[in-house]
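# Residue-level structural notes
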4 protein chains.
Amino acid sequence: MKNTFGSSVSLTIFGESHGTAIGAVLDGLAAGIPVDEDYIASQMSLRKSSGDISTPRMEADSVRIVSGVFNGKTTGTPITFIIENQDTRSRDYGELAYKARPGHADFTAQMKYHGFQDFRGGGHFSGRITAGIVAAGAVAISALRAKGIKIGTHISSCGGVKDRPFMNISEDIDKLSGLPFAVLDDACREKMTAVILEAKAEGDSVGGILETAVYGFPAGVGEPWFDTLEGVLSHALFSIPAVKGVEFGTGFGASELHGSQNNDAFRSVDGNTVTATNNCGGILGGISDGMPIVIRCAVKPTPSIYKEQQTVNMNTGENTTLQIQGRHDPAIVHRARVVADSITALVLCDQLALRYGTDWLVQPYKGVEENVNENNTGASAP
Amino acid sequence: MKNTFGSSVSLTIFGESHGTAIGAVLDGLAAGIPVDEDYIASQMSLRKSSGDISTPRMEADSVRIVSGVFNGKTTGTPITFIIENQDTRSRDYGELAYKARPGHADFTAQMKYHGFQDFRGGGHFSGRITAGIVAAGAVAISALRAKGIKIGTHISSCGGVKDRPFMNISEDIDKLSGLPFAVLDDACREKMTAVILEAKAEGDSVGGILETAVYGFPAGVGEPWFDTLEGVLSHALFSIPAVKGVEFGTGFGASELHGSQNNDAFRSVDGNTVTATNNCGGILGGISDGMPIVIRCAVKPTPSIYKEQQTVNMNTGENTTLQIQGRHDPAIVHRARVVADSITALVLCDQLALRYGTDWLVQPYKGVEENVNENNTGASAP
Amino acid sequence: MKNTFGSSVSLTIFGESHGTAIGAVLDGLAAGIPVDEDYIASQMSLRKSSGDISTPRMEADSVRIVSGVFNGKTTGTPITFIIENQDTRSRDYGELAYKARPGHADFTAQMKYHGFQDFRGGGHFSGRITAGIVAAGAVAISALRAKGIKIGTHISSCGGVKDRPFMNISEDIDKLSGLPFAVLDDACREKMTAVILEAKAEGDSVGGILETAVYGFPAGVGEPWFDTLEGVLSHALFSIPAVKGVEFGTGFGASELHGSQNNDAFRSVDGNTVTATNNCGGILGGISDGMPIVIRCAVKPTPSIYKEQQTVNMNTGENTTLQIQGRHDPAIVHRARVVADSITALVLCDQLALRYGTDWLVQPYKGVEENVNENNTGASAP
Amino acid sequence: MKNTFGSSVSLTIFGESHGTAIGAVLDGLAAGIPVDEDYIASQMSLRKSSGDISTPRMEADSVRIVSGVFNGKTTGTPITFIIENQDTRSRDYGELAYKARPGHADFTAQMKYHGFQDFRGGGHFSGRITAGIVAAGAVAISALRAKGIKIGTHISSCGGVKDRPFMNISEDIDKLSGLPFAVLDDACREKMTAVILEAKAEGDSVGGILETAVYGFPAGVGEPWFDTLEGVLSHALFSIPAVKGVEFGTGFGASELHGSQNNDAFRSVDGNTVTATNNCGGILGGISDGMPIVIRCAVKPTPSIYKEQQTVNMNTGENTTLQIQGRHDPAIVHRARVVADSITALVLCDQLALRYGTDWLVQPYKGVEENVNENNTGASAP
């Protein structure tokens, strides 16, 4: 399966950057979930370019839902989101039909699609395609929140500037909700913005790290092999353009610790089993342990830079140079953050539906299964 | 799908650490691939415990192939590998039926399987289950090598000691082949061993990083969404017990670079398009670019340590302490390395079969598709 | 996976009968396949209601392709077909919100979606949803034809009137192409129409049998288990609303034969292996044998009839009667026929891509694999 | 996916008729389900050859469970069944290495596997491979029965002799349970046996029809597209060797009825909604309606007959004749019946797990979801 992801709850995406429309089909979500078009619009606006630190391309990104919603609620059948492309200036991209942009998918697209790909603006490889994911993700995020499961992502680092880590995860997620530039330490926003603008002034770009936390997720969800929670989450998260690494909990840092440092002691608090630390990022043996799930995604610097670069003419096979024109982002971490939230939400809806059945998300009662213990999730032992 | 991974070429694994037998079913591999039982045995021996730096549990790990091989070659139908368990001392594990070992899956297994899981020796969560993956992987590795595609993994770091990076990837992979303790810098072997033994002496454990390289992989394989090469590889690699992070190319390091540093310039060399650097790890837009694929997996320190730890009695819900007995590994990176090779090979066989058809692996000619250009893979531009 | 079918080539469908729009996403088809919008429109017109023997609801059914086609050819990325609903008269359906129509999915939809389903006009269960399948199928049918593989379906029986069987399959398929009412024996058209009109006059409806043939399909495609050609074809064909039986070759008739009657003798003709008869319908052991594939689908009579029927009020649980209003088809076999062609084409494109790789459909040469022998397909031994 | 079927509950099968061993891996079944090895053995014996009407090949078919069962109950992880082959007389099959048996998969296997297939006794295409399905199916059948869901299959017709149809489905299923030759009308057993022996005496074979009923299955399970209950059941059932047609309820017969005859009126009985007739076979719009599910499979006559047949020498491509030796069944309907039960049970376990979650089968309470109404299933309205 290519542009479709998920099993019980699945997402199919389509579109090209400069094509007619982009969008997504979200299938398998329980019937009866409220669909709040204002919330979808607000999530879309978090992904949109804004101000000096993003591309000047301005898209309305208004989402038309053409199926799967009836009287404001999901019907249980596929929900289709369509976003028409509007501000396409394809004349900027002529030269890119044959000069492969370094760091972009132009060359690999040529190897795969033999020249038939829509090369304009990156075509189907464009970050723009994530708009459909964000629209669908908004429905999933709302549905999870109604069950007490919250998701938030902050820019853990950008261009070398580091945000503070998550502390009180529940409160931190609430703080991040709706924040246009998602950092936990307010002082860090100005510093990161400055670094991005500095790179932009040089015709260059910066990358960063996104850290996502999930609060309130029940224990006992996931598989030992091969559909570990880490496996299914990373599988989907690597679709975010520019993500080149995914780690959970202490992640790569754990490789330098001793077992006695990295193991999370189990503790009983008010009758619930929690862990004193959360180095495992809420996942042991591929299965959730009821503590917050913590994920970090490495985002490479945007490959579209204005500096002259060496490349190859794909028609002649000869060396040449390339000076990218067009409208580009000096950084995309701040825009990709809502995509990380969305993909995480969609994957977790699928996992929950597989574990507890397709209707779990709309069942009014909590704790119907003995191991869904709200008190067990997110608390840190003293 | 749970214990099955892959689409055109798929692997199903089964077994528990102290059960009757473990094994794997490898399906979809082309008919006519030679199956070398000696090579399988040699790969199995790389995974086995050995000497002071591994568990004293000794398993023959002899592999019985009961289907799918006829006259020494694959039939095209499922190949089943069965490995009987022999040296099981289940009496060591009694207390672990109710005390959750920190860092292990005991607690999450209880949440998922409600006490019916086979807890002995970690049951189905045991690293021992990877033996079936290694047996199947040996067939895949051989098949790829016959097509000019080579895979090798070294211990990039262990307990803080760092090996040198890959340099000439083709030669480095050849060097690693069959090496019991896989490091590229021979001097580093002794240092890592010392660190492992030091941790063992303290009843503790260490982790590390595995770096895998694939040489000779054709350009144009993979998908933009969601089955990016990074996505499908990470999905499977996170099944290696203790892996908590996966990155490609420069990975997390790329998040601190500028675009002008991280972009890999395209260069024409002898009529082939290569890149001057390989920060992208051979993958752009989710699709191979013909350069070596480079993957790094973070392995957490083995959770089974002999130091006393705090935990919870899963029967009573009360706090208690735990002193693990039994036979355990002070480090598993050196044993996990052949698992990384195996999983990588299996995933790539699947990707190649999806791209070029089920028989590609046994087609005698090369370059039947225009974008399979052997000269295009692995060379670095001057 | 629910509204998505296929592995290498897949189709996702969406929409409700009286919603905003319906459509489909076709993914995985090779890049470079010509997309002929006129041919799509002509296939759509075969599915549309027409004249006295269909529903008076008139839909333009104009197809908008919003992604995946560039310069008139497939890009290799998802092709999205959108068909806006226009002639919706939802007022007709008020009573049907709570009275389950016998033979329809109203009651089972209520059991599954708990009242949140869009009940208007059958919602997502409507035969109207097949319009997206036909649009996508038109691209698949064209692509197969360019490789010498032809598909055609005739109304084998309708309301008790029987068409003649396939004789020269290649010629018969050509004859059926574009025929509005697809029968092989022209005299039979009038008889079937009369039977349909007779049922209509009584406020009743009739069913029938669709027989599909595939000519030129290569030998060696399919699987022994579980993805037998019969299995994957039937899986998809049972999605055609009202199909309640699927058989291959002699099908149910074979159950009454002796082995000596049913076995198809192999014969060598001009160096090719063919069978003297084709009782197996071109499939042995789940795999194509190069002879025409022959499929028969049983279509039940349209459940929407105007006669008063007994049913239950789903709100109160009490017995009641129902007199269906609205616009309905006295028969749908003639409209479903192009859906059978389309689904068959889509499934076979997927099977071919799995077998020979994603680019096979656009490879200009034939017979690259030794078992693709054009002469071997469709000929009958003397 | 090839030899693996199912999503939440899946089955992987392996083995060749004359190889070392055959078997199956059953994954995803809930933890805590009792595994009764005696019941498995009794189901295996129903599949075994017996007496004059089956092949003289005698296999012990003793099943060894090597994983996934602990203390007599499922662990929730893969259950592996291994059946060693014993009575293999491969010398009988020498000529069949190059002479394609009519009606068998020898020729299509050659086209797919290029001569590397294990041709002995049909290899992986042999009906013997169903033994693993029966072993796994026994666990599924038991688990369903514990939830009040019963499955039974009878030989509806064989060699032209017809059994009586299902009448009281619950009682009829009980009657069929454990019956070696499964007919509802006892008088019919002798007649069918006589027909089989008559065919055998002539060196010929007969086919038949298997009719399967499921009692107590909840309403609201299945999908409108593409995973209709009909679709997923038929997909799997076509894997039973020799099945060439699958129909539900009235099936092909419905194609000759009027809507007013075929529609099943809904009736309220004791507060439950049932249908007065069951022409739809318990499935409307791809979703269960709570009435018994009724499936009919057409089984072609066994292709291994002793009469001389025309065929082709696959090595030389020349016409030749073939006189099959070896040990073969003059009919397989009576042996295939337990395979139909098993596959149906496995598919339904998967469907239930997808709908209600992985633990539904072991949840002690019934009716947790409002639409699981035991009274609603199987009763016929007066």
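Above this note sits the structure.
Residues numbered from 1 in each chain as written. Chains lettered and ligands numbered in written order. Predicted model: local features only at pLDDT ≥ 70, side-chain atom pairs only at ≥ 80, totals over all residues. Heavy atoms only, no water.

Helix and strand counts for chain A come out as 8 helices and 18 strands. Its C-alpha atoms give chain A a radius of gyration of 21 Å, near enough to 21 Å, the size a compact globule of 382 residues would have. In terms of its C-alpha atoms, chain A occupies a principal-axis envelope of roughly 70 × 50 × 40 Å. Counting over 382 residues, chain A shows a buried share of 70%. Sequence separation of 24 or more characterises 72% of the internal contacts of chain A that already satisfy a separation of 6 or more. Of the roughly 11000 Å² of accessible surface on chain A, a fraction of 49% belongs to carbon and sulfur atoms. (Helix = DSSP H or I, 4+ residues; strand = E, 2+ residues; numbered from the N terminus. Rg over C-alpha atoms; globule rule 2.2 N^0.38 Å. Buried < 20%, exposed > 50% of the residue type's maximum accessible area, 1.4 Å probe, protein only. Contact = heavy atoms within 4.5 Å. Areas by Shrake-Rupley, 256 points an atom, 1.4 Å probe, with all protein chains shown as cover.)

On the chain B side, the residues contacting the 103 residues of chain A number 103 residues. Across the interface of chain A and chain B, roughly 8400 Å² is buried in total on both sides, 60% from carbon and sulfur atoms. Area buried by chain A at its contact with chain B is led by W225, F226 and K244 of chain A, which between them contribute 12% of it. Viewed at the interface, chain B and chain A are joined by 6 salt bridges. For K244 of chain A, the salt bridge is made with E230 of chain B, and the minimal N-O distance between the two is 2.9 Å. Put simply, chain A and chain B have 53 residue pairs in polar contact (both at pLDDT 80 or more) between them. Considering each element in turn, the side of chain A that touches chain B owes the most residues, 6 residues, to strand 11 (residues 243–248) of chain A. Classifying every residue of the side of chain A that touches chain B gives 42 nonpolar, 41 polar and 20 charged. Taken together, the 3 bridges between strand 11 of chain A and strand 11 (residues 243–248) of chain B define a ladder with antiparallel strand orientation. Residue G245 of chain A lies in a different strand from strand 11 of chain B, and its bridge partner there is E247 of chain B. (Buried area = accessible area lost by both parts, 1.4 Å probe. Salt bridge = Lys/Arg side-chain N within 4 Å of Asp/Glu carboxyl O. Polar contact = N/O pair within 3.5 Å; in protein donor to acceptor, adjacent residues only side chain to side chain. Nonpolar A, V, L, I, M, F, W, Y, C, P; charged D, E, K, R; others polar. Pairing = 2+ DSSP bridges.)

Turning our attention to the packing of helix 6 (residues 229–237) of chain C against helix 8 (residues 333–356) of chain C. Residue and element names in this part refer to chain C. Direction vectors running N to C along helix 6 and helix 8 enclose 140 degrees, while the axes themselves pass 10 Å from each other. Classified by the angle between their axes, helix 6 and helix 8 sit oblique to one another. Crossing geometry of helix 6 relative to helix 8 is assigned as right-handed. Contacts between helix 6 and helix 8 pair L229, V232, L233, A236 and L237 from the former with A340, I343, T344, V347, L348 and Q351 from the latter. Residues belonging to the contact of helix 6 with helix 8 are distributed by class as follows: 9 nonpolar, 2 polar and no charged. (Axes fitted to C-alpha atoms, helices over the stretch in contact; angles between N-to-C directions. Parallel < 35°, antiparallel > 145°, perpendicular 65-115°, else oblique. Left-handed = near helix turned anticlockwise from the far one by under 90°.)

Below, the discussion takes up the interface of chain D and chain B. Between chain D and chain B, the contact holds 46 residues from the first and 46 residues from the second. In this assembly, chain D packs against chain B so that about 3600 Å² is buried in total across both faces, 58% of it on carbon and sulfur atoms. Interface area lost by chain D to chain B is led by M1, F70 and F116 of chain D, which between them contribute 18%. Taken together, the links from chain D to chain B amount to 2 salt bridges. The salt bridge involving E84 of chain D is made with R64 of chain B; its shortest N-O contact spans 2.9 Å. Inspection of the chain D/chain B interface yields 15 residue pairs in polar contact (both at pLDDT 80 or more). Only strand 2 (10–14), strand 3 (21–27), strand 4 (64–67), strand 6 (73–74), strand 7 (79–84) and helix 2 (106–113) of chain D provide two or more residues apiece to the side of chain D that touches chain B. Class assignment of the residues belonging to the side of chain D that touches chain B gives a composition of 14 nonpolar, 22 polar and 10 charged.

All names here are of chain C. Three or more residues of helix 4 (residues 169–176) are buried, namely I169, S170, D172, I173 and L176. Down the axis of helix 4, the buried side of the element spans an arc of 165 degrees, and every buried residue falls inside it. In the core, the buried residues of helix 4 are packed alongside helix 3 (130–146), strand 8 (150–158), strand 10 (208–215), strand 16 (293–299) and helix 8. Measuring from the backbone nitrogen of S170 back to the side-chain oxygen at the start of helix 4 gives 3.3 Å, which picks out N168 as the cap. With its phi angle positive at about 80 degrees, G178 sits one or two positions after the end of helix 4. (Arc of directions from axis to C-beta.)

Take the environment of F248 of chain A next. The topology assignment puts F248 of chain A in strand 11. Put simply, F248 of chain A and A31 of chain A are 217 residues apart on the chain and 32 Å apart in space, counted from C-alpha to C-alpha.

The operation relating chain D to chain B is a screw motion whose rotation component is 180 degrees, with 0.0 Å of axial translation and a residual RMSD of 0.0 Å. Between the two chains, the operation in question is that of a two-fold axis. By C-alpha distance to the rotation axis, the residue of chain D lying nearest is T12 of chain D, at 3.8 Å. Comparing contact sets, 100% of the residues at the interface of chain D also lie at the interface in chain B, consistent with an isologous, same-surface contact. (Least-squares fit on C-alpha atoms with pLDDT ≥ 70 in both.)

This next bit is on the sheet that holds strand 10 (residues 208–215) of chain A. To summarise the sheet geometry, strands pair through backbone hydrogen bonds and adopt either a parallel or an antiparallel arrangement. On the basis of which strands lie adjacent, the open sheet formed by 10 strands has the order 9(A)-8(A)-10(A)-16(A)-11(A)-11(B)-16(B)-10(B)-8(B)-9(B) and antiparallel pairing. Strands with a single pairing partner mark the edges of an open sheet, and in this sheet they are strand 9 (161–162) of chain A together with strand 9 (161–162) of chain B. Pairing of strand 10 of chain A with strand 16 (residues 293–299) of chain A, which is carried by 7 bridges, proceeds in the antiparallel orientation. Across the sheet, the residue bridging to I209 of chain A is A298 of chain A, located in strand 16 of chain A.

This part is about helix 1 (residues 37–47) of chain A. Along helix 1 of chain A, the residues that are buried comprise I40, Q43, M44, L46 and R47 of chain A. The buried residues of helix 1 of chain A all sit within an arc of 155 degrees when viewed along its axis, so they share a single face.

Quick look at the relation of the copies chain A and chain B now. Mapping chain A onto chain B calls for a screw motion: a turn of 180 degrees about the axis and a shift of 0.0 Å along it, with 0.0 Å RMSD after fitting. Mapped onto chain B, 100% of the interface residues of chain A are again interface residues, and the two copies thus contact each other with one and the same surface.

Residue and element names in this part refer to chain C. Following both chains from N to C, one finds helix 3 and helix 8 inclined at 55 degrees, their axes separated by 7 Å at the closest point. With respect to their mutual orientation, helix 3 and helix 8 come out oblique. In the packing of helix 3 onto helix 8, the handedness of the crossing is left-handed. Of the residues in helix 8, those touching helix 3 at T130, I133, V134, A136, G137, A140, I141 and L144 are V338, V339, D341, S342, I343, A345, L346, L348, C349 and L352.

Quick look at unusual backbone geometry now. Positive phi, close to 90 degrees, is recorded for A242 of chain C, a residue that is not glycine. One can find A242 of chain C in the loop between helix 6 and strand 11 (243–248). At D61 of chain D, a residue that is not glycine, the phi angle is positive and equals roughly 55 degrees. Position of D61 of chain D among the secondary structure elements: in the loop between helix 1 (37–47) and strand 4.

Attention now moves to the packing of aromatic side chains. Aromatic rings considered in pairs are described by the distance between their centres and by the relative angle of their planes. Under the counting rule described, the total for this entry stands at 30 aromatic pairs over all chains. Summarising the aromatic geometry, the rings of F119 of chain A and F70 of chain C are spaced 5.7 Å apart at their centres and angled 80 degrees between planes, so their arrangement reads as edge-to-face. Of the two residues, F119 of chain A sits in the loop between helix 2 (106–113) and helix 3 (130–146) while F70 of chain C sits in strand 5 (residues 69–70), which places them in two different chains. Residue class for F119 of chain A comes out partly exposed when judged on its relative accessible area of 26%. With a centroid separation of 6.4 Å and 65 degrees between ring planes, the pair formed by Y113 of chain D and F125 of chain D is classed as edge-to-face. Placement of the pair is Y113 of chain D in helix 2 and F125 of chain D in the loop between helix 2 and helix 3 (130–146), with a sequence separation of 12 residues. When its relative accessible area of 4% is taken as the criterion, Y113 of chain D is described as buried. Taken together, the ring pairs in this structure connect F5 of chain A together with W225 and F226 of chain B into an aromatic cluster. The ring of W360 of chain C is capped by K147 of chain C, whose NZ or CZ atom sits 4.3 Å from the centre of that ring. (Phe/Tyr/Trp six-rings, centres within 6.5 Å; stacked < 30°, edge-to-face > 60°. Lys NZ or Arg CZ within 6 Å of the ring centre and 35° of its normal.)

This part is about the sheet that holds strand 4 (residues 64–67) of chain C. The sheet built from 5 strands is open, its strands ordered 1-2-3-7-4 (chain C) with antiparallel pairing. Since the sheet does not close on itself, it has two edges, and those belong to strand 1 (4–5) and strand 4 of chain C, each with one partner.

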